[in-house]
Structure formats: C-alpha cells, structure tokens
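Listed below, chain by chain, are the residues.
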Amino acid sequence: MTTTSIGELISARMTTTPDFPEPGILFRDLTAVMAHGPSLSAVTDALLEAIPNDVDAVVGVEARGFLFASAAALRRGIGVFPIRKAGKLPGAVLAETYDLEYGTATIELQPDALAPGSRVYVLDDVLATGGTMAAAIRLLERAGYIVTGLGVAIELTALDGRAAVPGYPVNALLPID
C-alpha cells in the first residue's frame, strides 16, 4: 500500500475534536482506525516497512502507541516493550519529565526488561511537538538500548516535532499541516 493510500485510509477514519484536552488543542483521534481490523492491519504493515529487520523489540509509548507496537511486534515475531505514564510500573524504573503542547508529563520504563544493547524501534500514534518521543529516546538510551528509528501514524508538521528528535529517522504515515 502506498503512503498516499495509507494517508487516505487514516484520514477517512480519523476524527478531530477541538478544544480537547485543553482549549486551543485540536485532538486527532485514531480510535476508529484501530477499531477497524483492515485499517489496523494496513497501518501496521505500513509502519513495519520502516522497521529494520535487526530490531529486538518494538517500543510502544502509552497509550495508543501500545496498540501499534503490539500489532507490529506480533507481525514481526519480536517483543514489545512499553513506556508507561508515571506510577504504572512496579519495581525499579527510569523516569523522564517533558513538555507537552498543554503542560508537562512524566513517562517511565523498567530498565532491566531488555538486554543492554538491544535494538529498539519506537511507535506512537502522533508526533506533535516531539516532547514524548524525545523523552522516550532519552529513557531508552539511559537504559542502554539502541534506538533505530521512530514511527507514527500521523505527524502534526506545524508543531515541528522532528526538531526535538534530530538524527533519528521518522516514518510518519500521514503528515498534517
């Protein structure tokens, strides 16, 4: 499937909610894309095209990144590794606080779940300001993992999220101005 047809598929099912979760934010919701089996399958396949064959695990960023990462990991026959919101993981964790479009947040990971030097690929639903992705990269590298690239279903290009993750290849299936 081409990028154009994947973009059209995502656009056809994606909804946009103004002023959520804060006034002035235009929330792009991919629930209907993920809830439709053929669409989820097509998006997963398109995301997999950019994932190197030598990746040990696909990282999913909470919460919607979990869905794409799980689907991609299953298709590839490799592990899935979650990055969670603060306070959701037991045991020793590494944490990173970062800025969002509308505030701050903290994410965490369990540093001993993968072997040091594991090669990982990060998936999420949206790349906006890049704060979440940059924080995820910092966490993964602090844990001793090698980030091979980043994939998202949609990228809000006007927010210039790629500037927050220089040097990492980004596969965005649907860029939106």
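Scroll up to find the structure this text is about.
These lines cover the structure that appears in this document, whether it is placed above or below.

Parameters and conventions
Residues numbered from 1 in each chain as written. Predicted model: local features only at pLDDT ≥ 70, side-chain atom pairs only at ≥ 80, totals over all residues. Heavy atoms only, no water. Helix = DSSP H or I, 4+ residues; strand = E, 2+ residues; numbered from the N terminus. Rg over C-alpha atoms; globule rule 2.2 N^0.38 Å. Buried < 20%, exposed > 50% of the residue type's maximum accessible area, 1.4 Å probe, protein only. Areas by Shrake-Rupley, 256 points an atom, 1.4 Å probe, with all protein chains shown as cover. Salt bridge = Lys/Arg side-chain N within 4 Å of Asp/Glu carboxyl O. Core = buried A, V, L, I, M, F, W, Y, C linked by side-chain atoms within 4.5 Å. Contact = heavy atoms within 4.5 Å. Pairing = 2+ DSSP bridges. Right-handed = clockwise from strand over helix to strand, strands pointing away.

1. Some words on the overall build of the protein
Looking only at helices and strands, the protein has five helices and nine strands in total. Taken from N to C terminus, the helices and strands of the protein fall in the order α-β-β-α-α-β-α-β-β-β-β-α-β-β. Relative to the 2.2 N^0.38 estimate, which gives 16 Å for 177 residues, the radius of gyration of the protein is 15 Å and therefore close to what a compact globule would have. Projected onto its principal axes, the C-alpha positions of the protein cover 40 × 35 × 30 Å. In the protein, which comprises 177 residues, the share counted as buried stands at 47%. Of the accessible surface of the protein, which amounts to about 8100 Å², a share of 54% is contributed by carbon and sulfur atoms.

2. Remarks on the pattern of salt bridges
Tallying each qualifying case throughout the model produces seven salt bridges. The shortest N-O distance in the salt bridge between R119 and D54 comes to 2.9 Å. With R119 in strand β7 (residues 119-127) and D54 in the loop between α3 (37-48) and β3 (57-61), this residue pair connects regions lying 65 residues apart in the sequence. On the basis of relative accessible area, R119 is assigned to the partly exposed category, the value being 26%. Note on D54: relative accessible area 42%, which makes it partly exposed. Taking the shortest distance from any N to any O, the salt bridge between E96 and R138 comes out at 2.7 Å. Residue E96 is found in strand β5 (residues 94-100), and its partner R138 is found in helix α5 (residues 131-142); the two are separated by 42 residues along the sequence. E96 sits in the buried class, given a relative accessible area of 13%. Judged by its relative accessible area of 34%, R138 falls in the partly exposed class.

3. A word on the nonpolar core
If you look at soluble globular proteins, the nonpolar side chains tend to sit buried side by side. One finds I10, L30, V43, I51, F68, L123 and I154 to be the most contacted residues of the largest nonpolar core, which totals 29 residues. Within the residue set of this core, elements represented by two or more residues are α1 (3-13), α2 (31-35), α3, α4 (64-76), β7, β8 (146-156) and β9 (170-176). In terms of residues, this core owes the most to one element, α3, which gives five residues. In contact with I10, not counting residues within four places along its chain, are L30, V33, V43, A153, I154, L173 and L174.

4. As for unusual backbone geometry
Here the residue pair F20 and P21 is connected by a cis peptide bond, since its omega of 0° sits within 30 degrees of zero. Its place among the elements puts P21 in the loop between β1 (15-18) and β2 (26-29). Residue A63 is bonded to the preceding E62 through a cis peptide linkage, with omega at 0°. With respect to the helices and strands, the residue A63 is situated in the loop between β3 and α4. Within the chain, D19 stands out as a residue other than glycine whose phi angle is a positive 60°. Summarising the element assignment, D19 is placed in the loop between β1 and β2. Even without a glycine there, the phi angle at D160 is positive, about 55°. With respect to the secondary-structure elements, D160 resides in the loop between β8 and β9.

5. Points about the pairing of strand β4 (residues 79-85)
In this sheet, β4 lies alongside β3 in parallel orientation, the contact comprising five bridges. In the sheet register, A57 faces β4, and the bridge partner there is G79. Handedness of the β3-α4-β4 crossover: right-handed.

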